[in-house]
Amino acid sequence: MSLKAGIVGLPNVGKSTLFNAITKKHILAANYPFATIDPNVGVVTVPDSRLEFLENLYVPKNTVPTTFEFTDIAGLVAGASKGEGLGNQFLSHIREVDAIVEVVRCFQDDNIIHVSGEIDPIRDIEIINVELVLSDLEIVESRIEKIAKKASTTKEKDAVLEYNTLVKCREALVKNIPIRKLDFDEDEVLVLKNFSFITAKPIIYVANVSENDVVNGENEYVKKVREYVSQENCGVIVMCAKMESELSEMEESEKKLFLNELGISYSGLDKLIFATYDLLGLQTFFTVGKDECRAWTFRKGMNAKKCAGLIHSDIERGFIKAEIMKYNDLEDLKDDKKVQEAGKLYLEGKDYIMQDGDIVYFRFNV
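Keep in mind the model is a prediction, meaning the values are calculated, not measured. (Residues numbered from 1 in each chain as written. Predicted model: local features only at pLDDT ≥ 70, side-chain atom pairs only at ≥ 80, totals over all residues. Heavy atoms only, no water.)

1. Digging into the layout of surface pockets
Alright, step 1. Taken as a whole, the largest pocket spans an internal volume of roughly 1,200 Å³.
Alright, step 2. Looking at the largest pocket, it is lined by 41 residues, and the ones nearest its centre are Thr-45, Val-46, Pro-47, Asp-48 and Asp-270.
Alright, step 3. Within the residue set of the lining of the largest pocket, elements represented by two or more residues are α1 (15-23), β2 (40-45), α2 (49-58), α9 (241-247), α10 (252-262), α11 (268-279) and β8 (282-287).
Alright, step 4. Here the residues of the lining of the largest pocket are counted per class, giving 19 nonpolar, 11 polar and 11 charged.
Alright, step 5. The volume enclosed by the second largest pocket comes to roughly 660 Å³.
Alright, step 6. Residue lining of the second largest pocket: 21 residues in total, with Asp-98, Arg-180, Ala-200, Lys-201 and Pro-202 positioned closest to the centre. (1 Å grid on protein atoms, 1.4 Å probe; cavity = no way out; pocket = protein on both sides within 12 Å on 5 of 7 lines; lining within 4 Å. Points joined across faces, edges and corners; volume = space filled by probe spheres on them. Helix = DSSP H or I, 4+ residues; strand = E, 2+ residues; numbered from the N terminus. Nonpolar A, V, L, I, M, F, W, Y, C, P; charged D, E, K, R; others polar.)

Here it is in structure tokens:
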């Protein structure tokens, strides 16, 4: 299951520095607008101590963690929906992602130019969000114009549904309300899938602060961001992109020691990955053995048969049963045979709803 989060923000807010840390790559992070012209994609592993336990227990030939894709998208400026800056190029790239990570500058540094001259995180958020709303509104109005006559004259069910759904979106967008804040039924959701609306995507905000603020506590900029986005019920992750970039160069043991000295349990990047994973309603199941221990990403609510298809379409097609162990049971007993003897190995059918941490062996026949 390939999933993407797009990192967006105004120029010089720390997007590329954050991306460097996420992927441990060194893309251009220059101190001027539009240094990042083409989207840069990096795959990160999702930290999971459960996989480490399974690896130590089974000592497999291969261990495969679950992954997540982050895309660094060129800096946005006011007027992008009308072609300013990189304009439509930016907007087309962001339509391809599953979730948005919006980086907001919450630090002072006279050596780093701000595209608007002064630090104001709320203004920055509104610049970006207005451009995203305008971009979606343009698509909605264009499509309504094309389908309105057909919906009113033919009364064709699909045309009427699409028209009514788009009118509902337009009414929100003209009030500067993102589509994600609206409620839709199943049929309306299917209509929306045809458009890849940007404001329908879930969003999380990264407040990029100085190293001192990571240690000493949140500054006034961060408090303003939290208050502002609380209206949307969105998450805020506070981190110092510069520090995270430096941490990414350290060995894991050195990194843990450094964080412990600061009294920090998880790095900002780990928190961001966890939050983005959760934002998309993602969970993890495991397959284990001497050959391979592997973590698999699935969407919450998927059944066993659909999850089998994530491994291979043949397993889904020929699905018979799923043998399920709960991770906590295996962790307690430390042996899969003891789990079975304790009556905690479960045989489930195709409609079983997979749970986070399930360890599964799929029986199938093709």
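2. Quick look at the pairing of strand β9 (residues 292-299)
Along any regular strand the residues' side chains alternate between the sheet's two faces.
Alright, step 1. In this sheet, β9 lies alongside strand β3 (residues 62-64) in parallel orientation, the contact comprising 3 bridges. Residue Asn-62 lies in a different strand from β9, and its bridge partner there is Glu-292.
Alright, step 2. Between β8 and β9, which pair antiparallel in sequence order, lie 4 residues. (Pairing = 2+ DSSP bridges.)

3. Section: the nonpolar core
Alright, step 1. Among the nonpolar cores identified, the biggest contains 50 residues, and Leu-18, Phe-68, Phe-70 and Leu-272 are the most heavily contacted of them.
Alright, step 2. Setting aside anything within four residues of it in sequence, one finds Leu-272 in contact with Leu-18, Ile-22, Phe-70, Val-101, Ile-204, Val-206, Ile-237 and Met-239.
Alright, step 3. Core analysis: the second largest hydrophobic core is formed by 15 residues, Phe-298, Ile-315, Phe-319 and Ala-322 among them. (Core = buried A, V, L, I, M, F, W, Y, C linked by side-chain atoms within 4.5 Å. Buried < 20%, exposed > 50% of the residue type's maximum accessible area, 1.4 Å probe, protein only. Contact = heavy atoms within 4.5 Å.)

4. Quick look at the sheet that holds strand β4 (residues 67-72)
Alright, step 1. The mixed open sheet is built from 6 strands, whose spatial order is β2-β4-β1-β5-β6-β7. Both edges of this open sheet fall to β2 and β7 (235-239), since each of them pairs with a single strand only. On average, each strand axis in the sheet is tilted by 25° relative to the strand beside it, whichever way the strands run.
Alright, step 2. Where strand β5 (residues 99-105) meets strand β6 (residues 203-208), 6 bridges bridge the pair, whose relative direction is parallel. Pairing of Arg-105 across the sheet is with Asn-208, part of β6.
Alright, step 3. Where helix α4 (residues 121-153) meets the sheet, its contacts fall on β5 and β6, and the angle it forms with β5 comes to roughly 145°.
Alright, step 4. In the packing of α11 onto the sheet, contacts are made with β1 (4-8), β2, β4, β5, β6 and β7, and the angle to β7 comes to roughly 165°. (Axes fitted to C-alpha atoms, helices over the stretch in contact; angles between N-to-C directions.)

5. Quick notes on the pairing of strand β10 (residues 319-326)
Alright, step 1. Pairing of β10 with strand β12 (residues 358-364) involves 7 bridges; the strand directions are antiparallel. Within β12, the position partnered with Lys-326 by the bridge is Asp-358.

6. Considerations on the packing of α4 against helix α8 (residues 220-229)
When two helices pack together, their arrangement is captured by the angle between the axes and the distance separating the axes.
Alright, step 1. The geometry of α4 relative to α8 is characterised by a closest axis approach of 9 Å and an angle of 40° between their N-to-C directions. Classified by the angle their axes make, α4 and α8 are oblique. The residues of α8 that touch α4, namely those facing Pro-121, Ile-122, Ile-125 and Glu-126, are Tyr-221, Lys-224, Val-225, Tyr-228 and Val-229.
Alright, step 2. A class-by-class count of the residues in the contact of α4 with α8 yields 7 nonpolar, no polar and 2 charged. (Parallel < 35°, antiparallel > 145°, perpendicular 65-115°, else oblique.)

7. Structural notes on the packing of aromatic side chains
Alright, step 1. Inspection of every chain in the model, using the stated rule, returns 8 aromatic pairs.
Alright, step 2. Judged by centre distance (5.8 Å) and plane angle (50°), the ring pair of Phe-285 and Phe-298 falls under tilted. In this pair, Phe-285 is assigned in strand β8 and Phe-298 in strand β9, connecting sequence segments 13 residues apart. One exposure class covers both Phe-285 and Phe-298, and it is buried.
Alright, step 3. Every member of this aromatic cluster is reached through a ring pair, and the members are Phe-285, Trp-296, Phe-298, Phe-319 and Phe-362. (Phe/Tyr/Trp six-rings, centres within 6.5 Å; stacked < 30°, edge-to-face > 60°.)

8. Remarks on the confidence of the model for the chain
As a note on interpretation, predicted positions should not be read in detail where pLDDT is low.
Alright, step 1. With 88% of its residues at a pLDDT of 70 or more, the chain has an overall mean of 86.
Alright, step 2. Taken as a whole, residues 25-37 scores under 50 in pLDDT and shows 36 contacts with residues more than four places along the chain or in a different chain. (pLDDT = per-residue confidence, 0-100.)

9. With respect to the environment of Leu-51
Alright, step 1. You can see Leu-51 is positioned in helix α2.
Alright, step 2. The exposure class of Leu-51 is buried, given its relative accessible area of 7%.
Alright, step 3. Separated by 236 residues in sequence, Leu-51 and Thr-287 place their C-alpha atoms 10.0 Å apart.
Alright, step 4. Here Leu-51 is in contact with Thr-63, Val-64, Pro-65, Phe-286, Cys-293, Arg-294 and Ala-295, once residues within four sequence places are set aside.

10. Focus: the side chain of Asp-329
Alright, step 1. You can see Asp-329 is positioned in helix α14 (residues 327-333).
Alright, step 2. Among residues more than four places away in sequence, those in contact with Asp-329 are Val-339, Lys-344 and Tyr-346.

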